[in-house]
Amino acid sequence: MTDSKPQFRIGNGYDIHRLVPGRSLILGGVTLLHPDGLGLDGHSDADVLTHAVMDALLGALSLGDIGKYFPPDDPKWRGADSLLLLEKVVSLINESGWRVLNIDAVVVAERPKLKPHIECMRKNLSERLGVDFDAVGVKATTNECLGPEGREEGISSQAVALLGRL
Ligand code: MG
């Protein structure tokens, strides 16, 4: 008799944070320098890429979103390192009987140039996700000067995650 339970689950995540003066710009755990000194506003470290990845993981198992686990009105998460939050989400996924197979993400940012930092972001994420480096795709694109990302009002990110049953 074959096991009729699904062996795979897929999830998608999206996030956007405002670009403001006086904040760090952290993407995938990498601190970047914006040419105008801007960074991402938020309750945690506002790492929009890692947030999109976490929401993709939670979404794959219909576990809600990161606001449910790390509420922005909880002082405990003020300035939190999002890579540590990602570790907690991965633990939850594993405790639920699933493991991460691969991730694909895109960051939409007009500036700074992300390409030189993509490998470091992939390394940070893959270590926290417990997967091989080549199981984490991170791409960067500008928004061709269109919309909030194009006007540098913010940086957004989208991610998909594939999980396999443990
Ligand atoms: Mg966020």
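Chemist: Residues and numbers for the overall build of the protein, please.
Modeler: Summing up its helical and strand segments, the protein has five helices and seven strands in all. Along the chain direction, N to C, the helices and strands of the protein fall in the order β-β-β-β-α-α-α-β-α-β-α-β. Taken against the 2.2 N^0.38 rule, which gives 15 Å for 166 residues, the C-alpha radius of gyration of the protein at 16 Å falls within 12% of a compact globule. Dimensions of the protein, computed from the C-alpha atoms along their principal axes, are close to 60 × 35 × 25 Å.

Chemist: Mind laying out the packing of aromatic side chains, listing which residues take part and the relevant values?
Modeler: Scanning the entire structure with this criterion turns up one aromatic pair. When the ring of Phe70 is compared with that of Trp77, the centres are 4.9 Å apart and the planes differ by 85°; the resulting orientation is edge-to-face. The pair formed by Phe70 and Trp77 is uniform in burial state, with each residue classed as buried. One cation-aromatic arrangement involves Arg122 over Phe133; the distance from NZ or CZ to the ring centre is 3.9 Å.

Chemist: Give me the lowdown on the packing of helix 1 (residues 48–60) against helix 4 (residues 118–129), citing residues and values where you can.
Modeler: Between helix 1 and helix 4, whose axes approach to 12 Å, the crossing angle comes to 35°. With respect to the hand of their crossing, helix 1 and helix 4 are arranged in right-handed fashion. In this structure, helix 1 uses Leu49, Thr50, Val53 and Leu57 to contact helix 4, whose residues at the interface are Met121, Leu125 and Leu129. For the contact of helix 1 with helix 4, the residue count by class is six nonpolar, one polar and no charged.

Chemist: Now, about the coordination of the magnesium ion: what can you tell me, with residues and values included?
Modeler: Only Asp15 (OD), His17 (NE2) and His51 (ND1) from the protein coordinate the magnesium ion, and they sit 2.0 to 2.2 Å from it. Counting residues between consecutive donors of the magnesium ion along the chain gives the motif D-x1-H-x33-H. Of this pair, His17 sits in strand 1 (residues 8–21) while His51 sits in helix 1; the two residues are 34 residues apart in sequence, bridging distant segments of the chain. Owing to a relative accessible area of 6%, His51 belongs among the buried residues under this scheme.

Chemist: Break down the layout of surface pockets for me, with residues and values.
Modeler: Of the volumes computed, that of the largest pocket is approximately 200 Å³. Lining of the largest pocket is provided by 14 residues; of these, Ser44, His51, Ile66, Phe70 and Pro72 occupy positions nearest its centre. Contributions of two or more residues to the lining of the largest pocket are made by strand 1, helix 1 and helix 2 (66–69).

Chemist: Before we move on, could you go through helix 3 (residues 82–95) and cite the residues and values that matter?
Modeler: Across its 14 residues, helix 3 extends 20 Å between first and last C-alpha, which sits within 8% of the 20 Å expected from 1.5 Å per residue. Listed as buried for helix 3 are Ser82, Leu83, Leu85, Leu86, Val89, Val90 and Ile93. The buried residues of helix 3 occupy one face: seen down the axis, they fall within an arc of 150°. Contact partners of the buried residues in helix 3: helix 1, strand 5 (98–108), helix 4 and strand 7 (154–165).

Chemist: Help me get a handle on the side chain of His34, residues and values and all.
Modeler: One can find His34 in the loop between strand 3 (30–32) and strand 4 (38–40). Looking at His34, its side chain comes within polar contact range of the main-chain nitrogen of Asp36, at 2.9 Å. Engagement of the side chain of His34 in a polar contact is seen with the side chain of Glu152, the distance being 2.7 Å. The contact partners of His34, leaving out residues within four places of it in the chain, are Leu19, Leu25, Arg111, Pro112 and Glu152.

Chemist: Please set out the packing of helix 1 against helix 3 residue by residue, giving values where relevant.
Modeler: Helix-helix packing is characterised by the crossing angle of the two axes and by the distance between the axes. It is the contact of helix 1 with helix 3, at a shortest axis distance of 10 Å, that shows an interaxial angle of 10°. Considering the angle they form, helix 1 stands roughly parallel to helix 3. Side by side, helix 1 and helix 3 meet where Thr50, His51, Val53, Met54, Leu57 and Leu58 of the first sit next to Ser82, Leu83, Leu85, Leu86, Val89, Val90, Leu92 and Ile93 of the second. Residue composition of the contact of helix 1 with helix 3, by class: 11 nonpolar, three polar and no charged.

So, how was this worked out
- Residues numbered from 1 in each chain as written.
- Predicted model: local features only at pLDDT ≥ 70, side-chain atom pairs only at ≥ 80, totals over all residues.
- Heavy atoms only, no water.
- Helix = DSSP H or I, 4+ residues; strand = E, 2+ residues; numbered from the N terminus.
- Rg over C-alpha atoms; globule rule 2.2 N^0.38 Å.
- Phe/Tyr/Trp six-rings, centres within 6.5 Å; stacked < 30°, edge-to-face > 60°.
- Buried < 20%, exposed > 50% of the residue type's maximum accessible area, 1.4 Å probe, protein only.
- Lys NZ or Arg CZ within 6 Å of the ring centre and 35° of its normal.
- Axes fitted to C-alpha atoms, helices over the stretch in contact; angles between N-to-C directions.
- Left-handed = near helix turned anticlockwise from the far one by under 90°.
- Contact = heavy atoms within 4.5 Å.
- Nonpolar A, V, L, I, M, F, W, Y, C, P; charged D, E, K, R; others polar.
- Donors = N, O, S within 2.8 Å, 3.2 Å for Na, K, Ca; no water.
- 1 Å grid on protein atoms, 1.4 Å probe; cavity = no way out; pocket = protein on both sides within 12 Å on 5 of 7 lines; lining within 4 Å.
- Points joined across faces, edges and corners; volume = space filled by probe spheres on them.
- Expected span 1.5 Å × (residues − 1).
- Arc of directions from axis to C-beta.
- Polar contact = N/O pair within 3.5 Å; in protein donor to acceptor, adjacent residues only side chain to side chain.
- Parallel < 35°, antiparallel > 145°, perpendicular 65-115°, else oblique.

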